[in-house]
Amino acid sequence: MIEHSHLKIIQALHANGTLTEAANALCLSQPALSHQISYLEKKLGIALWEREGRNLRLTQAGLLLLETANQVLPVIAQTEKMLEAYREGKQGILRIGVECYPCFEWLTGMIGQYMRQMPGIDVDIVQKFQFSGLEGLLNHHIDVLITPDLVKKDNIAYEILAEYQLVLLTAPDHPLANLQQITPELLSKETLLTFPVPLERLDILTHFLTPAHLEPEKLKPIESLEIMLQMTAFNRGMCVLPEWLADIKNKDLNLKKIQIGEQGLFQKLYLAMREADKSVPYIRQFIEVGQKAAKNPII
């Protein structure tokens, strides 16, 4: 009863909110879309949406169909891509989700080696998610997820790709530049430049300042890593990066590295995948190349 086109219609209705915009998204006329919806509702014997002024609201039945669409359509899309890859003589496709800025920099350092070793595998990189990265994984929008966060979920497996130390970067003429290590008390008096992510995902807060019941004097989210480093160099704040990334980016800026706390602040980079996919050969190869690359000091 339910066809591929029906699932795309319900997604378009939900995403666009009005019949006109949904019709435009689907490259249909409004009367044609209205006809298809009416036909589907008649076939199912239940209303899928109702009007709220100019907008549309999915009914409980419509929401159920939307949930099915969100689960099924990515699987169909992946199958179509796989078939296309087979038709072009390739062995498959690996869709890689990247959940943090340093994750993308890390991927940049190893993806060339992977593609050289696996010429038959097509690669897609996904940085922006409609949902969270893990939901994208569970909904088959991506095949693997590079993330610094290990969140236990059913049917999700993790492999450690790399282990590294986070360091504090500051301008060479900053009053704290010559410190060997920073304390929470000293850092709490500074402006901290960060990537624009939820506060609970900032390790410098959750593992260093918050346990000491402190916070930075000012927290300033910066979208661009290059701008963040330039602002640090001109004493507009301090930033925290993985040491390997700091070493790469610091060649021309002469920023000072400061250890975070007495023991240092360490982090792991994980590859999350669906439990059923953890033995897929080209995913295992991605893990192997990634783990080897993490030991290479040029990364």
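Each remark here, short or long, concerns the structure printed above.
Definitions and cut-offs
- Residues numbered from 1 in each chain as written.
- Predicted model: local features only at pLDDT ≥ 70, side-chain atom pairs only at ≥ 80, totals over all residues.
- Heavy atoms only, no water.
- Disulfide = S-S within 2.5 Å.
- Buried < 20%, exposed > 50% of the residue type's maximum accessible area, 1.4 Å probe, protein only.
- Phe/Tyr/Trp six-rings, centres within 6.5 Å; stacked < 30°, edge-to-face > 60°.
- Helix = DSSP H or I, 4+ residues; strand = E, 2+ residues; numbered from the N terminus.
- Salt bridge = Lys/Arg side-chain N within 4 Å of Asp/Glu carboxyl O.

A.B. asks: How should the state of the cysteines be read in this particular structure?
C.D. replies: Here a disulfide denotes a covalent bond joining the sulfur atom of one cysteine to the sulfur atom of another. According to the stated counting rule, one finds 1 disulfide in the structure shown. With a sulfur-sulfur separation of 2.0 Å, Cys-100 is cross-linked through a disulfide to Cys-103. Linking Cys-100 and Cys-103, the disulfide has an S-S dihedral of approximately 90 degrees and is accordingly described as right-handed. Taken as a pair, Cys-100 and Cys-103 share a single burial class, namely buried. The thiol of Cys-239 is not disulfide-bonded; the next cysteine sulfur, from Cys-100, is found 15 Å away. Among the residues examined, Cys-239 registers a relative accessible area of 0% and is labelled buried.

A.B. asks: Which parts of the structure should I look at to understand the packing of aromatic side chains?
C.D. replies: Per the stated rule, a full pass over the model turns up 3 aromatic pairs. Between Tyr-114 and Phe-286, the aromatic rings sit 5.3 Å apart at their centres with planes inclined by 80 degrees, giving edge-to-face as the arrangement. Highlighted residues: Tyr-114 in helix H5 (residues 101–117) and Phe-286 in helix H11 (residues 281–294), separated in sequence by 172 residues. Overall, Tyr-114 belongs to the buried group, its relative accessible area being 0%. On the accessibility criterion, Phe-286 (0% relative accessible area) is buried.

A.B. asks: Looking at this structure, I do not really get the pattern of salt bridges. What am I missing?
C.D. replies: Any two side chains of opposite charge can pair if their charged atoms end up close together. Scanning the entire structure with this criterion turns up 14 salt bridges. Lys-249 is the partner of Glu-105 in a salt bridge, and the nearest nitrogen-oxygen pair spans 3.8 Å. Pair noted here: Glu-105 is in helix H5 and Lys-249 is in helix H10 (residues 243–249), with a separation of 144 residues, a long-range link. Take Glu-105: its relative accessible area is 24%, and that puts it in the partly exposed class. Judged by its relative accessible area of 23%, Lys-249 falls in the partly exposed class. Across the salt bridge formed by Arg-201 and Asp-149, the nearest N and O atoms sit 2.8 Å from each other. Within this pair, whereas Arg-201 is found in the loop between strand S8 (191–194) and helix H8 (203–209), its partner Asp-149 is found in the loop between strand S5 (144–147) and strand S6 (156–170), the two being separated by 52 residues in sequence. Judged by its relative accessible area of 22%, Asp-149 falls in the partly exposed class.

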